[in-house]
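# Summary of the model geometry
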Amino acid sequence: MKKNKLRGKKKPRIVLAALLAVLALSLTGCGLKEDFSRVVFTTGFGRDEVFRIGRSSCTLPEFMVYLVNTQNQYENVYGEQIWNVEADDVTLEDNVKDTVLAKLAQIKTMYLMAKERDVELDEGEKQQVEAAAQAYYGSLSEQERQVMGADLDLIRQLYTEYAMAEKVYNRIIEGINPEISDDEARTITVEHILIRTCTTDGTGKRIDYSESMKRECYEQILQLREQAVNGEEDFAELAAKYSEDENLRYSFRKGETDPVLEEVAFKLGNGEISDVVELEGGYHLIRCVSTFDREETDANKLKIVEERRGQVFGGEYDAFVETLVRSMNEELWQEIALVHDQEVNTDDFFAVYEQMRNP
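Before going into details, it helps to say that this report is about the structure given with it. Small disclaimer: the values here were computed from a predicted structure and weren't measured.

Turning to the overall build of the protein, a few remarks are in order. Looking only at helices and strands, one finds 13 helices and 12 strands in the protein. For the protein, the proportion of its 359 residues judged to be buried stands at 44%. If you take every contact in the protein between residues at least 6 apart in sequence, the share linking residues at least 24 apart comes to 79%. Looking at the protein as shown, the accessible area adds up to about 19,100 Å², and 46% of this sits on carbon and sulfur atoms.

What follows is the structure in structure tokens.
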């Protein structure tokens, strides 16, 4: 059985997993990430070649443009001290490099897909690319240009590949407009009480309660349910006082929480309280606050359509990737590092492109 986990809004925590999620730069409507784990490490690279994928190559200056912008975006949010974060002996710097590698490999792959499908930029799109290249390159100081090794032609090529990647995605998913019902897309809101049947030791390892302790937990949550159902106590007040989950209220649609809990929740009417639900790690009790929200439902329909489109594109993308040979310049890769220079603070490479595309 899956872990007892609901989706809810939590206070941001500076932990490695959360930080890495912030780093994932996605193409519009496309959350795919190139898997660069199956590569052929070879020799014979050009001096500045970081990797090759099919007929395409990524140079060190290209990589540095992405890396420097990503690094500075990060520091703007969390400060320079964030690079001291480490988990399982893996530094955040190494993970940032891997994220940039994945994104560039993805864009290079999609650019090759576009060329294979004879997808080309029209004159208006070329003008947008040129305007973005001129604007971004013009915003760079001489120090930033030197550190990244960037010239106008390189910036223009990066924006061209980015635009082509986006265009081939849109070309593949055009016409995919599935009908999504209100029931499939609707979001419900519940209040929640959790009584845990386990704890953790100093290393984070889970330790289950004994059977007698579990029975005590079950008796406790049964009593809480009886008090709420009989109107002796307000459910929200009971949750605030007794629940062992820091989040007392959740909103979710189908597919976003444990399927056992989901089945129970979506059968409740407004104000109804569920029976006790046992999941791995604890007993749950939920009260339905709202079974339907028109605005949320309509927003979810758009999200589900994008998910379906992404699945369609993902199938074609994965099949295309399998036809490509990927190779990595391991020696150069080990030399690449973040840039710690107060005069190098460019962070709007992607924002400039979006501004030119949507003036």
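For the rest of this paragraph, the subject is helix 2 (residues 60–78). A rise of 1.5 Å per residue sets the reference length of helix 2, with its 19 residues, at 27 Å; its end C-alpha atoms lie 26 Å apart and thus fit the reference within 8%. Looking one or two places after helix 2, you find G79, whose phi comes out positive at around 90 degrees.

Moving on, we get to the packing of helix 3 (residues 92–116) against helix 11 (residues 294–321). Two elements in contact, helix 3 and helix 11, have axes separated by 11 Å at closest approach and are oriented at 90 degrees. With respect to helix 11, the element helix 3 is oriented roughly perpendicular. Where helix 3 approaches helix 11, its residues Q106, T109, M110, L112, M113 and E116 are matched on the opposing element by F313, E316, Y317, F320 and V321. Taken together, the residues that form the contact of helix 3 with helix 11 break down as seven nonpolar, two polar and two charged.

Side chains of strand 3 (residues 56–59) alternate between two faces, with S56 and C58 buried and S57 and T59 left unburied. In the sheet, strand 2 (residues 49–53) pairs with strand 3 via four bridges, with the strands oriented antiparallel. The residue of strand 3 that forms the bridge with E49 is T59. Turn length for the strand 2-strand 3 hairpin, with the two strands adjacent in sequence and antiparallel, is two residues, and the turn residue G54 shows positive phi of about 60 degrees.

All chains considered together, the criterion is met by 15 aromatic pairs. When the centroid spacing of 6.2 Å and the interplanar angle of 65 degrees are considered together, the rings of F252 and F266 count as edge-to-face. Taken together, the positions of F252 in strand 9 (residues 249–252) and F266 in the loop between helix 10 (259–265) and strand 10 (277–279) put the pair 14 residues apart, joining distant regions of the chain. The buried category is assigned to F252, whose relative accessible area is 1%. According to the relative accessible area criterion, F266 is buried, its value standing at 11%. A network of ring pairs unites the aromatic residues Y66, Y136, Y159, Y162, F349, F350 and Y353 as a single cluster. Seen from the ring of Y137, R145 lies directly overhead, with NZ or CZ sitting 3.9 Å from the centre. Just above the ring of F266 sits the side chain of K254; from NZ or CZ to the centre is 5.4 Å.

Pairing between strand 6 (residues 188–196) and strand 11 (residues 282–290): eight bridges, direction antiparallel. When the sheet's bridge partners are listed, T189 is paired in strand 11 with S290.

Taken in spatial order, the four strands line up as 9-6-11-10 in an open sheet, and their pairing is antiparallel. The open sheet has two edge strands with one neighbour each: strand 9 and strand 10. Averaged over all pairs of adjacent strands, the angle between their axes in this sheet comes to 40 degrees, without regard to strand direction. Packing of helix 8 (residues 211–229) onto the sheet brings it into contact with strand 6 and strand 11, and relative to strand 11 it is tilted by some 20 degrees.

Take the nonpolar core next. Of all hydrophobic cores here, the largest spans 65 residues; its most connected members are F51, F63, Y66, I155, Y159 and F349. Those elements giving two or more residues to this core turn out to be strand 2, helix 2, helix 3, helix 4 (123–139), helix 6 (152–173), helix 11, helix 12 (330–335) and helix 13 (349–357). Ignoring anything within four residues of it in the chain, the contact list for F349 reads V65, Y66, N69, Y136, I155, L158 and Y159. Counting residues in hydrophobic clusters, the runner-up holds 13 residues, among them I195, A239, I273 and Y283.

Next up on the list: the pattern of salt bridges. Per the stated rule, a full pass over the model turns up 29 salt bridges. The residue D298 makes a salt bridge to R294 at a minimum N-O spacing of 2.9 Å. Linking D298 with R294, this pair stays in helix 11, spanning four residues, or about one helical turn. With a relative accessible area of 36%, D298 lands in the partly exposed category.

A few words on the state of the cysteines. Scanning all chains against the criterion turns up zero disulfides. Cysteine C198 remains unbridged, with the sulfur of C217 as its closest cysteine sulfur at 9.5 Å.

Bringing the environment of G255 into the picture now. Note on placement: G255 falls in the loop between strand 9 and helix 10. On the basis of relative accessible area, G255 is assigned to the exposed category, the value being 69%. The sequence separation of G255 and E184 amounts to 71 residues, and the corresponding C-alpha distance is 9.4 Å.

Those residues of helix 9 (residues 235–242) lying buried are F235, L238 and A239. Take helix 9 and look down its axis: the buried residues cluster within an arc of 100 degrees, on one side only. Projecting away from the buried face of helix 9 at angles above 90 degrees are the exposed residues E237, A240 and K241. Contacts from the buried residues of helix 9 go to strand 6, helix 8 and strand 11. Between the side-chain oxygen of the N-cap and the backbone nitrogen of A236 there are 3.1 Å, and the N-cap of helix 9 in question is D234.

What counts and how
- Residues numbered from 1 in each chain as written.
- Predicted model: local features only at pLDDT ≥ 70, side-chain atom pairs only at ≥ 80, totals over all residues.
- Heavy atoms only, no water.
- Helix = DSSP H or I, 4+ residues; strand = E, 2+ residues; numbered from the N terminus.
- Buried < 20%, exposed > 50% of the residue type's maximum accessible area, 1.4 Å probe, protein only.
- Contact = heavy atoms within 4.5 Å.
- Areas by Shrake-Rupley, 256 points an atom, 1.4 Å probe, with all protein chains shown as cover.
- Expected span 1.5 Å × (residues − 1).
- Axes fitted to C-alpha atoms, helices over the stretch in contact; angles between N-to-C directions.
- Parallel < 35°, antiparallel > 145°, perpendicular 65-115°, else oblique.
- Nonpolar A, V, L, I, M, F, W, Y, C, P; charged D, E, K, R; others polar.
- Pairing = 2+ DSSP bridges.
- Phe/Tyr/Trp six-rings, centres within 6.5 Å; stacked < 30°, edge-to-face > 60°.
- Lys NZ or Arg CZ within 6 Å of the ring centre and 35° of its normal.
- Core = buried A, V, L, I, M, F, W, Y, C linked by side-chain atoms within 4.5 Å.
- Salt bridge = Lys/Arg side-chain N within 4 Å of Asp/Glu carboxyl O.
- Disulfide = S-S within 2.5 Å.
- Arc of directions from axis to C-beta.
- Polar contact = N/O pair within 3.5 Å; in protein donor to acceptor, adjacent residues only side chain to side chain.

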